Amino acid sequence: MEIDSSPISRCSKENQKIYQEWFSFADSDGDGRLTGADATKFFAMSNLPRHDLKQVWAIADSKRQGFLGFKEFITSMQLVSLVQAGHAMTNDIINAEVDFEHLQPPTMEGLDVLLAKRKRTPKSEHEQNGSSQVQTSPSASWFTSSKSAKKVSLASVTSIIDGLKRLYVQKLKPLEVTYRFNDFVSPLLANSDFDAKPMVMLLGQYSTGKTTFIKHLLKTSYPGAHIGPEPTTDRFVVVMNGPDERSVPGNTIAVQADMPFSGLTTFGTAFLSKFECSQMPHPLLEHITFVDTPGVLSGEKQRTQRSYDFTGVTSWFAAKCDLILLLFDPHKLDISDEFKRVIASLRGHDDKIRVVLNKADQIDTQQLMRVYGALMWSLGKVLNTPEVMRVYIGSFNDKLI
């Protein structure tokens, strides 16, 4: 099993076997994740003060996931062992000059007895206890009273996302299947839809700075990125975290069960050939995913029909994304017919839309005020809302800073 490269997470193979047994015992539902409730019971056997155990959890769960995987569990056990040996529980403890690889496991009072008892307990008894609840038809519980409905137990939920996933599968999905909700509104949700990171989609005409905006935030380029005055991004590119730098074709990414893009197969191979995923290891991409889009056509170019439903694809991504950035260039304020159709397809997602006037450093202050007013006027006619749209002004470049 792969262990995290940080010193505090290193341990010998003998200790790793011990920790694996401890982790399996502490993980009550066997899903490979140690929740706060399970950790509280298990860590209490160390007899450390509560405030020290809180710091152990905070350091081990550095990514604030709300649970501990096996790597984080080893970190927590190493920390407990250090505190039991007399080290002060501070943030500097992880930099202590200790041979972590041969650090002895901590003393957990009563754990040996519990492990021995568990080994003596017949497996069938565990299975009977785990399946004691009577299974009922999903449709039978649709309209049950909230008072009579049994609450989801804490032991079966490791996070809010897991709780929502379980409620969807048990309550909503049977209704969607019965009434064929996926045929006329949106496809059924898969586990990957719940586990996906928040997505930000960038829309605008070509050369308004969509790709540059992503590179500015990442402070580096990503696989397949190209910037120029001509229309350079000719496809939908999803920029997300990955183990190494690579570009994955759309046909491949759309059929992967762990990716939330299976619904894009309905747009056909003509679209999938214009869709790709750029993966790279990056701390920002561990928390967010960007969707770079082709430039919206204007002038005579928009009379040329695309080989796929561009408006339909943007509408699909709009439903999935958590934020939509409309980028404008001070020299390209005209909103073309295709751009109007794209903005119209975003209706219902108005709370996600943010308008950005990019390249503001290319004009002086007086021109900027005129451009700002002209953009507000154009947007008012297209969005058809009495409220004034807020416009964010900035200048993003691809110079690494």
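Residues numbered from 1 in each chain as written. Predicted model: local features only at pLDDT ≥ 70, side-chain atom pairs only at ≥ 80, totals over all residues. Heavy atoms only, no water.

Asks: What exactly am I supposed to notice about the nonpolar core here?
Replies: As a rule of thumb, nonpolar side chains are buried together in soluble globular proteins. One finds Phe261, Phe271, Phe275, Phe317, Leu326 and Phe328 to be the most contacted residues of the largest nonpolar core, which totals 47 residues. Take this core: its biggest share by element is seven residues, from helix H15 (residues 365-383). Among residues more than four places away in sequence, those in contact with Phe261 are Met199, Val238, Met240, Ile253, Ala254, Phe275, Trp316 and Phe317. (Core = buried A, V, L, I, M, F, W, Y, C linked by side-chain atoms within 4.5 Å. Buried < 20%, exposed > 50% of the residue type's maximum accessible area, 1.4 Å probe, protein only. Helix = DSSP H or I, 4+ residues; strand = E, 2+ residues; numbered from the N terminus. Contact = heavy atoms within 4.5 Å.)

Asks: Just checking my understanding: could you explain the packing of aromatic side chains for this structure?
Replies: Enumeration according to the criterion identifies 18 aromatic pairs in this entry. Linked through ring pairs, Phe236, Phe261, Phe267, Phe271, Phe275, Tyr308, Phe310, Trp316 and Phe317 together constitute an aromatic cluster. Across from the ring centre of Phe67, 4.8 Å away, lies the NZ or CZ of Arg33, which sits over that ring. (Phe/Tyr/Trp six-rings, centres within 6.5 Å; stacked < 30°, edge-to-face > 60°. Lys NZ or Arg CZ within 6 Å of the ring centre and 35° of its normal.)

Asks: Teacher, can you tell me more about the confidence of the model for the protein chain here?
Replies: Parts of the model with low pLDDT should not have their predicted coordinates read in detail. Scored by pLDDT, the protein chain comes out at a mean of 78, with 81% of its residues at no less than 70. The lowest-confidence element of the protein chain is helix H6 (residues 123-130), averaging 46 in pLDDT; the highest-confidence one is strand S5 (residues 289-292), averaging 92. Confidence over residues 1-5 falls short of pLDDT 50; this stretch has 13 contacts with residues more than four positions distant or in other chains. Note that residues 123-148 has pLDDT below 50 and, in this model, eleven contacts with residues that lie over four places away or in other chains. (pLDDT = per-residue confidence, 0-100.)

Asks: Would you take a moment to explain the side chain of Glu72 for this structure?
Replies: Mapped onto the elements of the fold, Glu72 is located in helix H4 (residues 70-84). Judged by its relative accessible area of 18%, Glu72 falls in the buried class. Engagement of the side chain of Glu72 in a polar contact is seen with the backbone nitrogen of Gly69, the distance being 2.8 Å. With residues up to four places along the chain from it excluded, the contact list for Glu72 reads Ala60 and Gln65. (Polar contact = N/O pair within 3.5 Å; in protein donor to acceptor, adjacent residues only side chain to side chain.)

Asks: For this particular structure, what's the right way to read the pattern of salt bridges?
Replies: Between side chains of opposite charge, a pair can form when the charged atoms approach closely. Taken as a whole and judged by the stated rule, the model has three salt bridges. In this structure, Glu276 engages Arg235 in a salt bridge whose closest nitrogen and oxygen atoms are separated by 3.7 Å. A residue pair is termed long-range when its members are at least 10 positions apart, and Glu276 in strand S4 (residues 275-280) and Arg235 in the loop between helix H10 (210-218) and strand S2 (236-241) qualify at 41 residues. For Arg235, a relative accessible area of 23% translates into the label partly exposed. Among the salt bridges present, the one from Asp244 reaches Arg246, with a minimum N-O distance of 3.3 Å. Accessibility expressed as a relative area gives 37% for Asp244, which makes it partly exposed. (Salt bridge = Lys/Arg side-chain N within 4 Å of Asp/Glu carboxyl O.)

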